[in-house]
Amino acid sequence: MAAALYGDHNALHQERVSHYRQYEDRFDMTGIDMPMELKDIPRFEKQNSISVSVYGWEPTKKNKDGEVEPGYAYPLRVAEDVKPHHVNLLMIGDDVKHYCWIKHFSRLVSAQYSRYGHELAYCHFCLHGFHGQAIPGQCTRLEDAKRRRDEHEKECFRHGGQ
């Protein structure tokens, strides 16, 4: 969480906890047990004016025919009200769950749809990807894709996603 909100994205070894110890006191963890469970995230959001979405990852596996099925991301909890301070997290672990910051949401999701790495704007509810069209003097291809995604997310949220 601290890496997403307070991290120096140009620093070497951003993964080291030592960079973020100074920010531990900035989070109000009153009444929240650690490790934090999904059910505790709404309380964390209220106490800290942060919105949080959590995704899971199904690893690559072989099906009954021996074919390899690629891994994929799926939503576990999507923030209903996205605040200025918003963080996407990936839940990992079998017995004890840990959270990792998703620095580039589109990179995580695009890996399951395309091998070509074209950046699309993905719906945070159903993970549908949107292409855009560049309009000279008005917007880039990605800005148009994000506009289309935002329109879709309003409907997707109203219908419960997926």
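**A short note on the side chain of Glu45**
Checked against the element boundaries, Glu45 lands in helix H2 (residues 41-48). Excluding anything up to four places from it in sequence, Glu45 contacts Ile50, Ser51, Val52, Arg77, Ala79 and Lys83.

**Digging into H2**
Three or more residues of H2 are buried, namely Ile41, Phe44, Glu45 and Asn48. End-on view of H2: buried residues confined to an arc of 100°, all on one side of the axis. Ser49 occupies a position one or two residues after H2 and carries a positive phi of about 50°.

**A word on the nonpolar core**
Residues Phe44, Ile50 and Val52 are the most contacted members of the largest nonpolar core, which totals 16 residues. Breaking this core down by element, the ones donating at least two residues are helix H1 (2-6), H2, strand S1 (51-58) and strand S5 (86-92). Filtering out sequence-adjacent residues up to four positions away, Phe44 remains in contact with Met1, Phe27, Asp28, Met29, Ile32, Met36, Ile50 and Val52.

Rules and cut-offs
- Residues numbered from 1 in each chain as written.
- Predicted model: local features only at pLDDT ≥ 70, side-chain atom pairs only at ≥ 80, totals over all residues.
- Heavy atoms only, no water.
- Helix = DSSP H or I, 4+ residues; strand = E, 2+ residues; numbered from the N terminus.
- Contact = heavy atoms within 4.5 Å.
- Buried < 20%, exposed > 50% of the residue type's maximum accessible area, 1.4 Å probe, protein only.
- Arc of directions from axis to C-beta.
- Core = buried A, V, L, I, M, F, W, Y, C linked by side-chain atoms within 4.5 Å.

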